[in-house]
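# Architecture and fold: a report
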Amino acid sequence: MAISLTARQQKERAPLGFFDSVQPAPATPAPLTSTRLGQALRRLEIPHELEADGTPITYYPAGYLLYLLTPDRLTVRTTWRQSLPTSSLPHLSMFAHQWNQHRPYPTAYPAILGEDGQDFALLPADFTLPVTAGATDEQIDLYLREASRSAQEFLTEVEGAFEPITEGE
């Protein structure tokens, strides 16, 4: 014996909203491409240029941000403009350790760059978003806003921490 509801009974049950949701369907993640990355940077009005290889880059007085896209992740790499002698690595390592201990991102690490037969110490920091399953525009925007904000914070702190070292060099 099947019980069927009249139209009136069905309407009375509708206020629960379970089946009659007016919420829009969630956006479907799509592959993150260099085109979508560029659109997001323009949409957010993040000033940027393109490197010779097409990689977007944003310049700040204290450093720059590279937007590195691979099929499985987007990494915003912040690099402090100042390069130091490799003898500064212990100081850079200590700063990176303290930064990473108190902040989940961007992840700072000292690096050595060889240029014209001479090595220099750098202090980059990475902020990475996994995009293997794609991303919505909202996710990309949120990520880029936070990456930009935290990168500026990082550069400000690095400038303050190493100002005495750079002035003495």
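This text goes with the structure placed above it.
Please read these numbers as outputs of a predicted model, since none were measured by experiment.

## Some details on the overall build of the protein chain
A count of helices and strands for the protein chain gives four helices and nine strands. In sequence order, the protein chain lays out its α and β elements as α-α-β-β-β-β-β-α-β-β-β-β-α. The buried share of the protein chain, taken over its 169 residues, is 33%. Considering only intrachain contacts with a sequence separation of at least 6, the fraction spanning at least 24 residues in the protein chain is 57%. When the accessible surface of the protein chain is totalled, it reaches about 11100 Å², and 54% of it is carbon and sulfur.

## Quick look at the pairing of strand β9 (residues 124-130)
Burial analysis of β9 places five of its seven residues in the buried class, which makes it a mostly covered element. Of the strand pairs in this sheet, strand β4 (residues 73-80) and β9 are connected by seven bridges, and their pairing is antiparallel. Looking at β9, one finds that V76 is bridged to F127. Relative to β9, strand β6 (residues 107-108) runs antiparallel, the two being bridged by two bridges. Its bridge partner being in β9, T107 is matched across the sheet by D126.

## Details of unusual backbone geometry
Cis geometry is found at the peptide bond from Y105 to P106, where omega equals -10°. On the secondary structure map, P106 appears in the loop between α3 (89-102) and β6. Backbone geometry at E45 places phi at a positive 55°, although glycine is not the residue there. Looking at the secondary structure, you find E45 in the loop between α2 (34-43) and β1 (49-50).

Here is what the cut-offs are and how they apply
- Residues numbered from 1 in each chain as written.
- Predicted model: local features only at pLDDT ≥ 70, side-chain atom pairs only at ≥ 80, totals over all residues.
- Heavy atoms only, no water.
- Helix = DSSP H or I, 4+ residues; strand = E, 2+ residues; numbered from the N terminus.
- Buried < 20%, exposed > 50% of the residue type's maximum accessible area, 1.4 Å probe, protein only.
- Contact = heavy atoms within 4.5 Å.
- Areas by Shrake-Rupley, 256 points an atom, 1.4 Å probe, with all protein chains shown as cover.
- Pairing = 2+ DSSP bridges.

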